[in-house]
Amino acid sequence: MPPDADALVIGGGPAGSTAAALLARAGWHVVLAERATFPRDAVCGECLSTGALDWLDALGIGDQVRREAGPPLRSVGWLDGRRALHAPLPVARGRHPHG
């Protein structure tokens, strides 16, 4: 870590990158360390909840994420090889009705 760094954040996932961004905005010199290469495969890594969209807006990147994102999440499904179940997701209150 550079000797003039105020903080070392280990892990560049959602929590680590948000912590690093908030510290940097507060004027800290932050070093963010991540061993993985992004983007990486994750079961839920392609979905954002309405609460996550609020946080992205607070970080100033919400509009860019929504421009580059897929369609809104309006339903959920389960496939197990024998049957398929499908259900609508509830509409959230607030600025973002769907993740």
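All of the points below concern the structure found in this document. Since we're looking at a predicted model, the values are computed, not measured. (Residues numbered from 1 in each chain as written. Predicted model: local features only at pLDDT ≥ 70, side-chain atom pairs only at ≥ 80, totals over all residues. Heavy atoms only, no water.)

So, on to the overall build of the protein chain. Check the secondary structure of the protein chain and you find three helices and four strands. Listing each helix as α and each strand as β along the protein chain from the N terminus yields β-α-β-α-α-β-β. A globule of 99 residues ought to have a C-alpha radius of gyration of about 13 Å, yet the protein chain, at 17 Å, is considerably larger. Dimensions along the principal axes, computed over C-alpha positions, put the protein chain at roughly 60 × 30 × 20 Å. (Helix = DSSP H or I, 4+ residues; strand = E, 2+ residues; numbered from the N terminus. Rg over C-alpha atoms; globule rule 2.2 N^0.38 Å.)

Let us now look at the environment of Arg 74. Of note, Arg 74 is situated in the loop between α3 (62–68) and β3 (75–79). Along the sequence, Arg 74 and Trp 55 sit 19 residues apart, while their C-alpha atoms lie 20 Å from each other. Residues within four places of Arg 74 in sequence aside, it is in contact with Pro 88, Leu 89 and His 98. At a separation of 2.8 Å, a polar atom in the side chain of Arg 74 contacts the side chain of His 98. (Contact = heavy atoms within 4.5 Å. Polar contact = N/O pair within 3.5 Å; in protein donor to acceptor, adjacent residues only side chain to side chain.)

As a further point, take the environment of Ala 7. Position of Ala 7 among the secondary structure elements: in strand β1 (residues 7–10). On the basis of relative accessibility, which here comes to 12%, the residue Ala 7 falls in the buried class. Sequence separation between Ala 7 and Val 30 is 23 residues; the distance between their C-alpha atoms is 5.0 Å. (Buried < 20%, exposed > 50% of the residue type's maximum accessible area, 1.4 Å probe, protein only.)

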